Amino acid sequence: MLYWRFFLGSVRIWLKGGKGYYSWLAFLGACILIGVLGYIEQLHGGLIRTHMRDPVSWGFYIGNFTFLVGVAAAAVVLVIPAYIYNWKPIKEIAIIGELLAVSAVVMCLLFVAADLGRPDRAWHLIPIIGHLNFPSSLLAWDVLVLNGYGALNFVIVTYMIYTAFVRKEYSKSFVTPLILISIPFAVSIHTVTAFVYNGLPARPFWNSAILAPRFLTSAFCSGPAIILVLLQLLKKLHAPRDQR
Amino acid sequence: MKEQALTIPTEKERRRNRALTRRRFLRSTVVAAAGGVLASCSPSVRESFFQQHLKELTEEDKKRTYARLAEEYGNRYGGKFTVGGEPAKEGVLFAYALDLSRCVGCRRCVYACVKENNQSRDPAIHWITVLQMEKEKGVDLSHADAYYNPKAVPEDGHFYMPVQCQQCRRPQCVEVCPVGATWQEPDGIVVVDYNWCIGCRYCMAACPYGARHFNWSRPEIPNEQINHDTHYLGNRPRYKGVVEKCTFCIQRVRKGKYPACVEICPVGARKFGNLLDPESEVRYVIENKRVFILKEEINTQPKFYYFYGV
């Protein structure tokens with residue numbers, strides 16, 4: 001029952017806000033609606049609606065997916081000092097990082113799903129039920145690490161917020177191993193995504209050993225950068241009136 | 001349940017019952033929704049949705065699948081379709097040879113292929129791309145024009161290089177496919193299962209020859225132009241959102257015929273045969289002519305040889 005109350009409580013917090021908050025939600029809702037309508041149009045007419053063609057067969061969807069994989073790294077940069085070195089001041093921020101990671105991974109998966117020509121056959125990717133071409137295909141690796149990283153962060157961050165909700169101290173023996181697993185996962189989502197591209201001798205501009213480390217370094221910049229912007233906004237919007 | 005009704009349930013029991021009914025309600029809703037969606041489609045849609053990977057089907061399943069597809073295609077395009085599943089023959093490894101000194105760039109092969117293999121007319125899909133190159137520069141892909149359109153070919157100072165699937169021995173496209181929807185047959189032909197492909201287009205990114213083509217929208221073919229004699233892994237009509245490619249006309253070559261592009265070529269630039277047969281034409285070409293393969297440095301090891309006959 002406590003879980004149910006936690007869920008309802010979260011929804012209640014989510015629904016509480018001023019005029020600005022609601023108009024922001026309405027704006028985001030409108031964006032989602034436009035996206036959904038566009039996707040329905042694409043489902044109906046085929047991927048030709050994106051104006052991609054055979055010579056350029058991957059476009060905005062895959063580009064966004066790659067960028068968001070980088071953003072998802074934000075969590076790990078903050079998680080290492082927060083949980084491994086137990087540095088208190090960064091702990092609250094680490095939760096924001098993890099939330100960002102979860103949402104970024106969800107967006108990644110949605111972008112890839114939107115890029116599929118046959119989304120109705122996505123179940124072919126599920127091992128055993130379908131036919132995942134592992135370990136030969138690097139996209140299969142990417143499917144595994146992205147889902148794994150998303151699930152790990154979802155469990156960690158939900159648990160952290162839950163313990164905060166019921167005002168208990170979180171159990172270290174539960175969180176620490178998960179965090180330790182999530183660190184190599186965070187590294188692997190970038191390297192594997194880079195390998196997806198640079199494993200192709202057919203594309204000379206991608207086929208370079210520098211791509212994976214490059215993805216990692218740029219991820220370590222873009223992830224925290226978004227968190228910095230986010231925290232500045234939070235500080236402006238949520239600080240007491242005289243401190244703004 | 002009956003006994004419980006006689007006694008007054010405790011708070012804990014009541015709560016558990018509530019949880020149980022909620023769970024039952026949720027489960028039945030989900031089952032009903034899924035069932036409803038599936039029941040509302042026709043049995044053939046349901047069957048094609050749950051169709052397993054071709055290699056996991058029994059011979060009987062395959063036959064039933066082929067029959068179902070033939071019926072589906074008949075309903076859409078009219079006429080009587082045959083969807084064959086001719087397997088590869090022992091001791092056969094198909095290879096291709098193309099004489100660059102003869103090709104005049106007329107693109108008859110392109111359109112013969114479109115007709116034979118039921119490629120979409122709108123949007124147009126061509127499995128063969130003919131490149132126009134300058135004689136001065138030689139085989140130089142960075143100076144190749146795929147969209148040449150003069151009044152008459154061949155143009156002075158130019159030569160022509162048709163490119164299609166090179167049927168690599170180490171096909172990159174097969175390696176990268178995340179669901180194993182494409183593979184190399186024992187006779188060396190790289191095929192796609194159009195009912196298993198999820199349309200991620202990773203194979204298109206991986207192919208160095210631009211040989212793979214995607215159905216960006218529902219393929220349109222006029223009913224009177226359709227080829228009814230099809231193969232499951234070859235020229236059967238495709239779906240929106242799947243990848244397709246040259247199969248050396250699998251539906252023809254496995255019955256001992258030449259591919260359509262070989263038959264149509266007016267100058268005899270195209271040669272085809274069994275690489276394991278010492279008497280075959282391709283073997284003669286490889287042994288006696290100056291032969292090269294495209295993008296050798298990538299180590300894809302094509303079975304498609306370009307040569308200069310004169």
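Since the model is a prediction, treat every value here as computed from it, not as a measurement. (Residues numbered from 1 in each chain as written. Chains lettered and ligands numbered in written order. Predicted model: local features only at pLDDT ≥ 70, side-chain atom pairs only at ≥ 80, totals over all residues. Heavy atoms only, no water.)

### Some words on the overall build of chain A
Argument step 1. For chain A, the helix and strand inventory stands at 8 helices and 0 strands.
Argument step 2. Counting from the amino terminus, chain A carries its helices and strands in the arrangement α-α-α-α-α-α-α-α.
Argument step 3. Overall, the C-alpha framework of chain A stretches about 55 × 40 × 40 Å when taken along its three principal axes.
Argument step 4. Here chain A holds 244 residues, and the buried ones make up 40% of them.
Argument step 5. The long-range share in chain A, meaning contacts at least 24 apart out of those at least 6 apart in sequence, stands at 67%.
Argument step 6. Here chain A displays about 14,200 Å² of accessible surface, and carbon together with sulfur accounts for 73% of that area.
Argument step 7. Mean positive and mean negative side-chain charge positions of chain A (19 and 9 charges, respectively) differ by 9 Å. (Helix = DSSP H or I, 4+ residues; strand = E, 2+ residues; numbered from the N terminus. Buried < 20%, exposed > 50% of the residue type's maximum accessible area, 1.4 Å probe, protein only. Contact = heavy atoms within 4.5 Å. Areas by Shrake-Rupley, 256 points an atom, 1.4 Å probe, with all protein chains shown as cover. Lys, Arg positive; Asp, Glu negative; His and termini not counted. Charge placed at Lys NZ, Arg CZ, Asp CG, Glu CD.)

### Topic: a nonpolar patch on the surface
Argument step 1. Taken together, Ile 32, Leu 33, Val 36, Leu 37 and Ile 40 of chain A make up a surface patch of nonpolar side chains, about 490 Å² in accessible area.
Argument step 2. Along the chain, Ile 40 of chain A turns up in helix H2 (residues 19-45). (Patch = residues over 30% accessible without salt bridge, like charges linked within 9 Å, V, L, I, M, F, W, Y side chains within 5 Å. Salt bridge = Lys/Arg side-chain N within 4 Å of Asp/Glu carboxyl O.)

### Let's talk about the domain arrangement of chain A
Residues and elements named next belong to chain A.
Argument step 1. Along its sequence, chain A is carved into domain 1 (1-45) and domain 2 (57-243).
Argument step 2. Carbon and sulfur atoms supply 72% of the area buried between domain 1 and domain 2, which totals about 720 Å² over both sides.
Argument step 3. Among the residues of domain 1 in contact with domain 2, Phe 6, Tyr 39 and Gln 42 are the three that bury the most area, contributing 62% of the side total.
Argument step 4. At the surface where domain 1 touches domain 2, the tally comes to 0 salt bridges.
Argument step 5. Elements supplying a minimum of two residues to the side of domain 1 that touches domain 2: helix H1 (2-15) and H2.
Argument step 6. Looking at which element gives the most residues to the side of domain 1 that touches domain 2, the answer is H1, with 5 residues. (Domains from an automatic or database assignment. Buried area = accessible area lost by both parts, 1.4 Å probe.)

### Focus on the layout of surface pockets
All names here are of chain A.
Argument step 1. Empty space within the largest pocket amounts to approximately 2,200 Å³.
Argument step 2. Lining the largest pocket are 38 residues, with Trp 14, Tyr 21, Trp 24, Leu 99 and Leu 230 positioned closest to its centre.
Argument step 3. Going through the elements one at a time, H1, H2, helix H3 (60-71), helix H5 (91-115), helix H6 (138-165) and helix H8 (211-238) are the ones with two or more residues in the lining of the largest pocket.
Argument step 4. Among the elements that line the lining of the largest pocket, the one with the most residues is H5, at 10 residues. (1 Å grid on protein atoms, 1.4 Å probe; cavity = no way out; pocket = protein on both sides within 12 Å on 5 of 7 lines; lining within 4 Å. Points joined across faces, edges and corners; volume = space filled by probe spheres on them.)

### So, empty space enclosed by the protein
Argument step 1. Scanning the entire structure with this criterion turns up 5 cavities of 30 Å³ or more.
Argument step 2. Looking at the largest cavity, its volume works out to about 110 Å³.
Argument step 3. Of the residues in the lining of the largest cavity, the class split is 12 nonpolar, 1 polar and 3 charged. (Nonpolar A, V, L, I, M, F, W, Y, C, P; charged D, E, K, R; others polar.)

### Let's talk about the interface of chain A and chain B
Argument step 1. Every contact between the two is made by 39 residues of chain A and, on the other side, 42 residues of chain B.
Argument step 2. Together chain A and chain B conceal approximately 3,300 Å² of surface at their shared face, both sides included; 57% is due to carbon and sulfur atoms.
Argument step 3. Among the residues chain A hides against chain B, the three largest losses belong to Asp 54, Arg 121 and His 131 of chain A. Together they make up 18% of the total.
Argument step 4. Connecting chain A to chain B are 1 salt bridge.
Argument step 5. Of the charged contacts, one joins Asp 115 of chain A and Arg 201 of chain B as a salt bridge, the two residues approaching to 2.6 Å between their closest N and O atoms.

### Some details on the sheet that holds strand S12 (residues 304-308) of chain B
The strands making up a sheet associate through backbone hydrogen bonding, with each pair oriented either parallel or antiparallel.
Residues and elements named next belong to chain B.
Argument step 1. What the 4 strands build is an open sheet, ordered S10-S2-S12-S11; its pairing is mixed. A single partner strand is all that each edge strand has here, and the edge strands are strand S10 (270-274) and strand S11 (290-292). When the angles between neighbouring strand axes are averaged without regard to direction, this sheet yields 30°.
Argument step 2. The pairing of strand S2 (residues 94-99) with S10 spans 5 bridges and is classified as antiparallel. The partner of Phe 94 across the bridge, within S10, is Asn 274. (Pairing = 2+ DSSP bridges. Axes fitted to C-alpha atoms, helices over the stretch in contact; angles between N-to-C directions.)

### Digging into the confidence of the model for chain A
Argument step 1. This prediction gives chain A a mean pLDDT of 89; 98% of its residues lie at or above 70.
Argument step 2. Taken element by element, the predicted model of chain A shows its lowest mean pLDDT in helix H4 (residues 74-84) of chain A (77) and its highest in H2 of chain A (95). (pLDDT = per-residue confidence, 0-100.)

### Quick word on the environment of Glu 263 of chain B
Residue and element names in this part refer to chain B.
Argument step 1. Following the sequence through the fold, Glu 263 ends up in helix H9 (residues 260-264).
Argument step 2. Excluding residues that lie within four positions of it along the chain, Glu 263 makes contacts with Arg 252 and Tyr 258.
Argument step 3. At 2.9 Å, the side chain of Glu 263 forms a polar contact with the side chain of Arg 252. (Polar contact = N/O pair within 3.5 Å; in protein donor to acceptor, adjacent residues only side chain to side chain.)

### Some details on the packing of aromatic side chains
All names here are of chain B.
Argument step 1. Counting across every chain of the model gives 30 aromatic pairs over all chains.
Argument step 2. Centre to centre, the rings of Phe 94 and Phe 272 are 5.3 Å apart; their planes meet at 20°, and the pair counts as stacked. Of this pair, Phe 94 sits in strand S2 while Phe 272 sits in strand S10, placing them 178 residues apart in sequence.
Argument step 3. Overall, Phe 94 belongs to the buried group, its relative accessible area being 9%. (Phe/Tyr/Trp six-rings, centres within 6.5 Å; stacked < 30°, edge-to-face > 60°.)

### Digging into the nonpolar core
Argument step 1. Counting residues in each nonpolar core, the largest one holds 131 residues, and the members touching the most others are Tyr 83, Tyr 149 and Tyr 197 of chain A together with Met 161, Tyr 202, Phe 248 and Tyr 306 of chain B.
Argument step 2. No other element matches the 10 residues that helix H7 (residues 172-198) of chain A contributes to this core.
Argument step 3. Residues contacting Phe 248 of chain B, with those up to four places away along its chain left out, are Phe 94, Ala 95, Tyr 96, Cys 165, Gln 167, Ile 189, Val 253, Pro 259, Phe 272, Lys 303 and Phe 304 of chain B.
Argument step 4. Grouped together as the second largest cluster of nonpolar side chains are 9 residues, Leu 93, Val 282, Ile 293 and Phe 307 of chain B included. (Core = buried A, V, L, I, M, F, W, Y, C linked by side-chain atoms within 4.5 Å.)

### Concerning unusual backbone geometry
Argument step 1. Put simply, Phe 134 of chain A and Pro 135 of chain A share a cis peptide bond, and its omega is 5°.
Argument step 2. Residue position: Pro 135 of chain A is located in the loop between H5 and H6.
Argument step 3. Of note, the bond from Asp 122 of chain B into Pro 123 of chain B is cis; its omega dihedral lies within 30 degrees of zero at -5°.
Argument step 4. Along the chain, Pro 123 of chain B turns up in the loop between helix H5 (108-116) and strand S3 (129-134).
Argument step 5. One non-glycine residue, His 51 of chain A, lies in positive phi territory at about 65°.
Argument step 6. Relative to the elements of secondary structure, His 51 of chain A occurs in the loop between H2 and H3.
Argument step 7. The phi dihedral of Asn 299 of chain B is positive, around 65°, even though this residue is not glycine.
Argument step 8. Here Asn 299 of chain B lies in the loop between S11 and S12.

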